[in-house]
Amino acid sequence: MLRLTDIKLPLDHAEEALAAAIRARLKVGAEAIRGYSVFRRGHDARKRGAIQLIYTLDVDVADETRLLQRFADDPHVRPTPDTNYRFVARAPAQLPHRPVVVGLGPCGLFAGLILAQMGFRPIILERGKAVRERTRDTWDLWRKRNLHPESNVQFGEGGAGTFSDGKLYSQISDPHHYGRKVLVEFVQAGAPEEIIYVSKPHIGTFRLVTMVENMRHTIESLGGEIRFQHRVDDIEIETDADGERHVRGVVLANGEQLRTDHVVLALGHSARDTFDMLHRRGVYLEAKPFSIGFRVEHPQSMIDRARFGPQAGHPLLGAADYKLVHHCRNGRSVYSFCMCPGGTVVAATSEPGRVVTNGMSQYSRNERNANAAVVVGIDPNDFLPYDGSGSPLAGIALQRHWESRAFELGGGSYEAPGQLLGDFLAGRASTAFGEVLPSYQPGVRLTDLAQALPGYAIEAIREAMPAFDRKIKGYARPDAIFTAVETRTSSPVRVRRNESDCQSLNTRGLFPAGEGAGYAGGILSAGVDGIRVAEAVALSIVGIPQAI
Ligand code: FAD
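Keep in mind that this is a model prediction, so the values were computed, not measured.

Asks: Can you help me understand the overall build of the chain in this one?
Replies: In terms of regular secondary structure, the chain is built from 13 helices and 23 strands. Computed over its C-alpha atoms, the radius of gyration of the chain comes to 25 Å, within 12% of the 24 Å expected for a compact globule of 548 residues. For the chain, the spread of C-alpha atoms along the principal axes amounts to about 70 × 65 × 40 Å. Per-residue burial for the chain yields a buried fraction of 47% across its 548 residues.

As structure tokens, then:
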């Protein structure tokens, strides 16, 4: 099989044009091609009047060796790599103790699935509820202002990405093609087949809910066990004669103790109490840079026109997204993050008395507004005013400070504070909405957001808006809406692990994984990390020295 990359065709090309492009590219007749499949389809919208589709194709040819020789110097004609997933181990017939996975977000889901597929019968402990009950609790905050601290946008089956845009792409390097395994498993669990080949796949919230349930059933059918409303409150660590620390079990909130030598920590970035416990137990943690800012909303139709010009609304293009960055005079960088085309801004706090924004969408992406986080990068030096002790948890103190401020500015009832972009730039409080209406539920209270973030962040966002407007005409329109505050962009903590075996730097048997440990950012990369860590657990159990 040959892989052809960079095959460009017009947006409305006929089906036969693909076969013709292959023949033209390889300079062969129709008899030389046995068949082909689309590995990836993206688009190039730099010329808005002439948007092109860009294909990567896998082509079954009659004489592969001769063609590879002929195109030896051409980087766009290569043998198709083998992306099939292969298990690294099989569980022994007798397991003294089953491995435990803490957290059932994308990372825990894939760690649990792969361990179950290899026969290790993992026990997965999730503090939140099963996804349907969790959906009811999450909507209770959005509709009635009732926060459920253990069952919300951050906590529960499916993890943080369940109520999301369901974007399934990532820029991580993935030499073992784990990302492919994640997508293939998602399709088996009910995702549309297209996620395998479109360059920026997304599935939206409703489908994710069903897929997560289906994957749970698969894990259970393979001997895995999933326990909801089982929060891990402590870990048991034994120190051996050589002074090496080993995990020996976990303790649940209900007091139950579970004996195990292998614990995957797939906690997500909002498990603040669990990070605190790990710190008290002496597990090696460090503070990590992350970003803070606002959500911004514009009419989706404006973004579509700016990106796609006359082709706006074309079914193959869908709702347009964007990615912007501006490097500011004060040394900060402002960038757009987690852009949700045709979506809504959602209340994403997990703690009472705090307001946090994030974004989600449905598969159709047909809501009126585009939303994205507009955030400023910060690092551990910025955490000092909130916790000068040098604690690795200082970033959480910063998050809590600004999330509480947002709660106050929003009126203390889980409404988010908001401001029109024009008023934000002019430095005056907003008093009325313009054409753009905010989508955040349970509501947005207009105010002056200059008090909603540290001064350097406000200054940086003010400088970035006109720069973004030069890239997307209308971006700085006066009635675009900001809502505050976006603080859960990634984990403020890294639970550092050895590169070679994925175990904690100072605690054997503890496998920090996914976004909360600082090893992933997004659904796909969290799933990929879950696979990687499941393999490390399996190899640690069967005793083969590994080099992943
Ligand atoms: P999480 O998904 O956070 O899962 C961690 C799980 O651990 C949670 O279910 C939690 O309840 C559980 N847990 C925590 N502590 C304990 C404990 N002590 N005991 C037991 N269980 C515990 N990413 C994308 O790629 N695309 C998107 O479109 C996208 N949109 C998003 C929209 C929203 C609203 C949010 C909040 C996030 C979005 N993300 C998106 C980010 C993505 O969801 C995360 O990167 C991803 O979920 C991280 O996966 P994870 O498994 O590492 O952690």
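So much for the structure itself; the text now carries on.
Asks: Teacher, can you tell me more about the nonpolar core here?
Replies: Note that soluble globular proteins tend to have their nonpolar side chains buried in a common cluster. Core analysis: the largest hydrophobic core is formed by 136 residues, its most contacted members being Ala111, Val264 and Leu265. Top element by residues in this core is helix H13 (residues 523-542). It accounts for 11 residues. Here this core spans two domains, since at least three of its residues come from each of domain 2 (100-286 + 495-542) and domain 3 (289-486). Other than its neighbours up to four places away in sequence, Ala111 contacts Val101, Val264, Ala266, Ala513, Gly530, Val533 and Ala534. In this structure, Ile22, Leu53, Tyr55 and Leu57 belong to the second largest nonpolar core, which totals 9 residues.

Asks: When you look at the sheet that holds strand S3 (residues 52-61) in this model, what are you seeing that I'm missing?
Replies: Note on sheets: strands pair through backbone hydrogen bonds, and any given pair is parallel or antiparallel. Overall, antiparallel pairing links the 4 strands, which are arranged S2-S3-S1-S4 in an open sheet. A strand with exactly one partner marks an edge of an open sheet, and here the two such strands are strand S2 (33-44) and strand S4 (77-79). Direction aside, neighbouring strands of the sheet carry axes that sit 30 degrees apart on average. Summarising the sheet, strand S1 (residues 2-10) and S3 pair through 7 bridges and their orientation is antiparallel. Residue pairing for S3: Leu9 is matched across the bridge by Leu53. The sheet contacts of helix H1 (residues 16-26) involve S1, S2 and S3, and relative to S1 the element is tilted by about 120 degrees.

Asks: Would you explain the environment of Ala319 in this entry?
Replies: Looking at where Ala319 falls in the secondary structure, it is placed in the loop between helix H8 (300-308) and strand S14 (325-327). When the C-alpha atoms of Ala319 and Ser364 are compared, they prove to be 8.7 Å apart, with 45 residues separating the residues in sequence. Other than its neighbours up to four places away in sequence, Ala319 contacts Gln300, Asp304, Pro341, Gly342 and Arg365.

Asks: Please clarify how the domain arrangement of the chain should be interpreted in this entry.
Replies: Put simply, an interface is often sized by how much accessible area is lost when its parts join up. Taken domain by domain, the chain holds domain 1 (2-79), domain 2 (100-286 + 495-542) and domain 3 (289-486). For domain 2 and domain 3, the distance between their C-alpha centres works out to 27 Å. Those elements that provide at least two residues to the side of domain 2 that touches domain 3 are helix H4 (131-144), helix H6 (204-221) and helix H7 (272-280). Within the side of domain 2 that touches domain 3, the residues separate by chemical class into 11 nonpolar, 7 polar and 7 charged.

Asks: How do you make sense of the sheet that holds strand S21 (residues 481-486) when you look at a structure like this?
Replies: Strand order in the open sheet made by the 7 strands is S14-S15-S18-S13-S21-S19-S20, with mixed pairing throughout. In the strand order of this sheet, the two ends are held by S14 and strand S20 (444-446), each with one partner. Adjacent strand axes in the sheet meet at a mean angle of 30 degrees when their direction is disregarded. Across 3 bridges, the pairing between S14 and strand S15 (residues 333-340) is antiparallel.

Asks: Sorry if this is basic, but what is going on with the packing of helix H3 (residues 106-117) against H13 here?
Replies: Axis angle and axis distance: for two packed helices, these are the angle between their axes and the distance between the axes, and together they describe the pair. The N-to-C vectors of H3 and H13 enclose an angle of 40 degrees; their axes lie 7 Å apart at closest approach. As for the relative orientation of H3 and H13, their crossing is right-handed in sense. In this structure, H3 uses Pro106, Cys107, Gly108, Leu109, Phe110, Ala111, Ile114 and Leu115 to contact H13, whose residues at the interface are Ile523, Ala526, Gly527, Asp529, Gly530, Ile531, Val533, Ala534, Glu535, Val537 and Ala538. Looking at the contact of H3 with H13, its residues break down into 14 nonpolar, 3 polar and 2 charged.

Asks: I tried to follow the UniProt feature "domain: FAD-dependent protein C-terminal" (unreviewed entry) in the chain on my own but got confused; where do I start?
Replies: According to UniProt, the feature "domain: FAD-dependent protein C-terminal" (unreviewed entry) maps to residues 289-489 in the numbering used here. Helix makes up 26% of residues 289-489 and strand 26%, whereas the separation of the span's terminal C-alpha atoms amounts to 10 Å.

Asks: Would you mind going over the site of the ligand with me for this structure?
Replies: Within the structure, the ligand sits among 44 residues, and Gly103, Gly105, Gly159, Gly268 and Gly514 are positioned closest to it. If you count residues domain by domain, the shell around the ligand takes at least three from each of domain 2 (100-286 + 495-542) and domain 3 (289-486).

Asks: What's the story with the confidence of the model for the chain in this structure? I'm lost.
Replies: Predicted coordinates in areas of low pLDDT are best not read in detail. Put simply, the chain has an average pLDDT of 95, and 99% of its residues get 70 or more. Interface predicted TM-score (ipTM) for the complex: 0.99; the corresponding pTM is 0.95.

Asks: Sorry if this is basic, but what is going on with the environment of Val493 here?
Replies: Considering the arrangement of structural elements, one finds Val493 in strand S22 (residues 493-494). A count of 27 C-beta atoms within 10 Å places Val493 in the buried class. Sequence separation between Val493 and Arg272 is 221 residues; the distance between their C-alpha atoms is 9.6 Å. Not counting residues within four places of it along the chain, the set of residues in contact with Val493 comprises Phe275, Leu285, Ala287, Lys288, Pro392, Leu393, Gly395 and Gly518.

Basis of the calculations
- Residues numbered from 1 in each chain as written.
- Predicted model: local features only at pLDDT ≥ 70, side-chain atom pairs only at ≥ 80, totals over all residues.
- Helix = DSSP H or I, 4+ residues; strand = E, 2+ residues; numbered from the N terminus.
- Rg over C-alpha atoms; globule rule 2.2 N^0.38 Å.
- Buried ≥ 20, exposed ≤ 12 C-beta atoms within 10 Å, placed from the backbone.
- Core = buried A, V, L, I, M, F, W, Y, C linked by C-beta atoms within 7 Å.
- Domains from an automatic or database assignment.
- Contact = placed C-beta atoms within 7 Å.
- Pairing = 2+ DSSP bridges.
- Axes fitted to C-alpha atoms, helices over the stretch in contact; angles between N-to-C directions.
- Nonpolar A, V, L, I, M, F, W, Y, C, P; charged D, E, K, R; others polar.
- Left-handed = near helix turned anticlockwise from the far one by under 90°.
- UniProt positions renumbered as here; feature names shortened; annotations may be inferred.
- Near = placed C-beta within 6 Å.
- pLDDT = per-residue confidence, 0-100.

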